[in-house]
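Structure at a glance
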Amino acid sequence: QDGIKKIEKLGKDLGFDASLLQTVPAAFAKAPSDRGSFDDLVMSQVEAEFKKHLAILTDELANGEPAMKDRAAKVEAASNEHAQALAFEEAAKTAKEASRTEQKEAETEHKAMLKAQQQAGSDMRAASAGVDAAKAELTELDEGAVAAFKELLEFTEIP
């Protein structure tokens, strides 16, 4: 009984005709001496189906070798591409880190330049205030002592 169920399942998996599979239990359950011509016909058709599928599977195995080599070559090519991609990724990570370091250095330099600019502005304001004070002193000198000197020169005759 267990063997008959296995034959039925294998026949179903291999795609045997449904009506042939229905006759299998009755034909296989009988002893060889008790089988009639119909049972013998069922047995020979089941055997022919198994031989046909055996030939198909044998052919697939024989033809599978070149396909297997082709797939192995594709796997090898894909492995090489993967290794190259990993190397590229590692190089990109290194470049990214270098860029980040350069960016941090540039930001530090930028901050220093901003401080220098602020200091220069402060120095410029101080210098401008000094210039303004000097102009005021010059104006005071022009209006005061220099004007008085010019006035004295006008009243004095030079011999």
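Coordinates for the structure precede this section.
Below: a short report on this structure. It should be emphasised that the depicted structure is a prediction, and the values quoted were computed from it without experimental measurement.

What the rule picks out here adds up to eight salt bridges. Between Asp 39 and Lys 30 there is a salt bridge; the shortest N-O distance is 2.8 Å. Its salt-bridge partner being Lys 93, residue Glu 89 comes within 4.0 Å of it at the nearest N-O pair. In this pair, Glu 89 and Lys 93 are both assigned in helix α3 (residues 37-155), four residues apart and thus about one turn of the helix distant. Its relative accessible area of 39% is what places Glu 89 among the partly exposed residues.

Contact pair helix α1 (residues 2-14) / helix α2 (residues 18-29): the axes reach a minimum separation of 10 Å and the direction vectors enclose 155°. Judged by the angle between their axes, α1 and α2 are roughly antiparallel. Two packed elements cross with a definite hand, and for α1 against α2 that hand is right-handed. When α1 is examined against α2, the residues Ile 4, Ile 7, Glu 8, Gly 11 and Lys 12 are found in contact with a partner set consisting of Leu 21, Val 24, Pro 25, Phe 28 and Ala 29.

Of all hydrophobic cores here, the largest spans six residues; its members are Ile 4, Leu 20, Val 24, Ala 27, Val 42 and Val 46. Ranked by residue count, the leading element in this core is α2, at three residues. Those residues within four positions of Ile 4 in sequence are excluded, and the remaining contacts are Val 24, Pro 25, Phe 28 and Ala 29.

Before going further, it helps to examine a negative patch on the surface. A cluster of acidic residues, Glu 137, Glu 140, Asp 142 and Glu 143, forms a negative patch at the surface. Following the sequence through the fold, Asp 142 ends up in helix α3. For Asp 142, a relative accessible area of 41% corresponds to the partly exposed category.

You can see Leu 153 is positioned in helix α3. Leu 153 gets classed as partly exposed once you look at its relative accessible area, which sits at 43%.

By secondary structure assignment, the location of Arg 35 is in the loop between α2 and α3. Despite being buried, Arg 35 has no salt bridge partner; Asp 40 is the closest side chain of opposite charge, sitting 5.4 Å away. In terms of polar contacts, Arg 35 uses its side chain to reach the backbone carbonyl oxygen of Ala 27, at 3.2 Å. Polar side-chain contacts of Arg 35 include one of 3.2 Å to the backbone oxygen of Lys 30. Setting aside residues up to four positions removed in sequence, Arg 35 forms contacts with Ala 27, Phe 28, Lys 30, Asp 40 and Met 43.

Helical periodicity: at 3.6 residues per turn, an α-helix aligns residues three or four positions apart in one direction. Helix length check: α3, at 119 residues, gives a terminal C-alpha distance of 164 Å against a target of 177 Å (1.5 Å per residue), a fit within 8%. In the structure, α3 departs most strongly from a straight axis at Gly 64, where the bend amounts to approximately 40° and where the proline Pro 66 lies between one and four residues downstream. Buried within α3 are the following residues: Asp 39, Val 42, Met 43, Val 46 and His 53. Residues of α3 that are buried sit in contact with α1 and α2.

The rules behind each value
Residues numbered from 1 in each chain as written. Predicted model: local features only at pLDDT ≥ 70, side-chain atom pairs only at ≥ 80, totals over all residues. Heavy atoms only, no water. Salt bridge = Lys/Arg side-chain N within 4 Å of Asp/Glu carboxyl O. Helix = DSSP H or I, 4+ residues; strand = E, 2+ residues; numbered from the N terminus. Buried < 20%, exposed > 50% of the residue type's maximum accessible area, 1.4 Å probe, protein only. Axes fitted to C-alpha atoms, helices over the stretch in contact; angles between N-to-C directions. Parallel < 35°, antiparallel > 145°, perpendicular 65-115°, else oblique. Left-handed = near helix turned anticlockwise from the far one by under 90°. Contact = heavy atoms within 4.5 Å. Core = buried A, V, L, I, M, F, W, Y, C linked by side-chain atoms within 4.5 Å. Patch = residues over 30% accessible without salt bridge, like charges linked within 9 Å, V, L, I, M, F, W, Y side chains within 5 Å. Areas by Shrake-Rupley, 256 points an atom, 1.4 Å probe, with all protein chains shown as cover. Lys, Arg positive; Asp, Glu negative; His and termini not counted. Charge placed at Lys NZ, Arg CZ, Asp CG, Glu CD. Polar contact = N/O pair within 3.5 Å; in protein donor to acceptor, adjacent residues only side chain to side chain. Expected span 1.5 Å × (residues − 1). Bend = angle between axes of the 7 residues up to and from the residue.

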